[in-house]
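Residue strings, one per chain:
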Amino acid sequence: MRIASFASFAFAATVALFAVTQAQAADPVFTIVIKNHKFEPARLDVPAGQKIQLVVKNMDATAEEFESSDLKREKVIAPGKEVTISVGPLKAGTYRFVGEYHEATAKGELVAK
Ligand SMILES: [Cu+2]
């Protein structure tokens, strides 16, 4: 009885983990590059009402911090590295973000529609 219930628990846990992995794999992925302390592209159209994965690659020789109070996200990216940030599901609208370490030039926006 004990072994049987552990086995069904383990099976349920495996199924749940698989479901989570599948959901993440199915999210559309959008990539933004940081180069010369600017975002490329500086404007990105994304689908509203759906979770997305935002990949931010830092091609600069210095660290940058992706920061967005609109999206409630903040993540430091080491030089030459990339991070993946889960975003949304977003309502239709414009969501600004900056590179906090170079805010004068590193500005961008996600436009959800
Ligand atoms: Cu910050």
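Above this note sits the structure.
Residues numbered from 1 in each chain as written. Predicted model: local features only at pLDDT ≥ 70, side-chain atom pairs only at ≥ 80, totals over all residues. Heavy atoms only, no water.

> So what exactly am I meant to see when it comes to the overall build of the protein chain here?
Each helix and strand in the protein chain was counted, giving one helix and nine strands. Counted from the first residue to the last, the protein chain has its helices and strands arranged as α-β-β-β-β-β-β-β-β-β. By residue count, 30% of the 113 residues in the protein chain fall in the buried class. Across the protein chain, contacts joining residues at least 24 apart in sequence account for 57% of those joining residues at least 6 apart. (Helix = DSSP H or I, 4+ residues; strand = E, 2+ residues; numbered from the N terminus. Buried < 20%, exposed > 50% of the residue type's maximum accessible area, 1.4 Å probe, protein only. Contact = heavy atoms within 4.5 Å.)

> Can you walk me through unusual backbone geometry in this structure?
Most of the time, phi is negative for any residue but glycine, and the peptide bond is trans. For the bond running from Glu40 to Pro41, omega is -5°, close enough to zero to count as cis. Assignment of secondary structure puts Pro41 in the loop between strand S2 (38–40) and strand S3 (43–46). Omega for the bond connecting Gly88 with Pro89 falls within 30 degrees of zero, at 0°, which places this linkage in the cis form. Even without being a glycine, Asn36 presents a positive backbone phi close to 50°. With respect to the secondary-structure elements, Asn36 resides in the loop between strand S1 (29–35) and S2.

> It is not clear to me how the sheet that holds strand S5 (residues 64–68) should be interpreted in this structure. Could you clarify?
Each strand in a sheet pairs with its neighbour through backbone hydrogen bonds, running either in the same direction (parallel) or in the opposite one (antiparallel). Pairing is mixed across the open sheet formed by five strands, whose spatial order is S3-S9-S8-S5-S6. Of all strands in the sheet, those bounded by a partner on one side alone are S3 and strand S6 (73–77). Taken over all neighbouring pairs, the strand axes of this sheet differ in orientation by 20° on average, direction set aside. Note: S5 against S6, five bridges, orientation antiparallel. Paired with Phe66 across the two strands is Lys75, which belongs to S6. (Pairing = 2+ DSSP bridges. Axes fitted to C-alpha atoms, helices over the stretch in contact; angles between N-to-C directions.)

> Got a minute to help me understand the nonpolar core in this structure?
Considering soluble globular proteins, one finds that nonpolar side chains tend to be buried as a cluster. Residues Leu54, Val56, Phe66 and Leu110 are the most contacted members of the largest nonpolar core, which totals 21 residues. Those elements that provide at least two residues to this core are S1, S3, strand S4 (52–58), strand S7 (82–87), strand S8 (93–99) and strand S9 (107–112). Setting aside anything within four residues of it in sequence, one finds Phe66 in contact with Phe39, Leu54, Val56, Leu71, Arg73, Glu74, Lys75, Ile77, Ile85, Phe97 and Val98. (Core = buried A, V, L, I, M, F, W, Y, C linked by side-chain atoms within 4.5 Å.)

> Looking at this model, I keep getting lost on the coordination of the copper ion. Mind explaining?
Under ideal tetrahedral coordination, the four donors around a metal are separated by 109.5 degrees; under ideal octahedral coordination, the six donors are separated by 90 or 180 degrees. For the copper ion, the full set of protein donor atoms is Glu65 (OE), Glu67 (OE), Glu74 (OE) and Glu100 (OE), at a range of 1.9 to 2.1 Å. The class of Glu74 is exposed, set by a relative accessible area of 51%. (Donors = N, O, S within 2.8 Å, 3.2 Å for Na, K, Ca; no water.)

> Got a minute to help me understand the side chain of Glu65 in this structure?
Inspection of the secondary structure puts Glu65 in strand S5. Buried within the structure, Glu65 lacks any salt-bridge partner; Lys75 is the closest side chain of opposite charge, at an N-O distance of 11 Å. Aside from chain neighbours lying at most four places away, what touches Glu65 is Glu74, Lys75, Val76, Val98, Gly99, Glu100 and Tyr101. (Lys, Arg positive; Asp, Glu negative; His and termini not counted. Salt bridge = Lys/Arg side-chain N within 4 Å of Asp/Glu carboxyl O.)

> Is there a simple way to think about the packing of aromatic side chains in this case?
The geometry of an aromatic ring pair is captured by two quantities: the separation of the ring centres and the angle between the planes. Considering all chains together, one arrives at three aromatic pairs under this definition. Ring geometry for Phe39 versus Phe66: centroids 6.3 Å apart, planes at 80°, classification edge-to-face. Placement of the pair is Phe39 in strand S2 and Phe66 in strand S5, with a sequence separation of 27 residues. For the pair formed by Phe39 and Phe66, the shared burial category is buried. (Phe/Tyr/Trp six-rings, centres within 6.5 Å; stacked < 30°, edge-to-face > 60°.)

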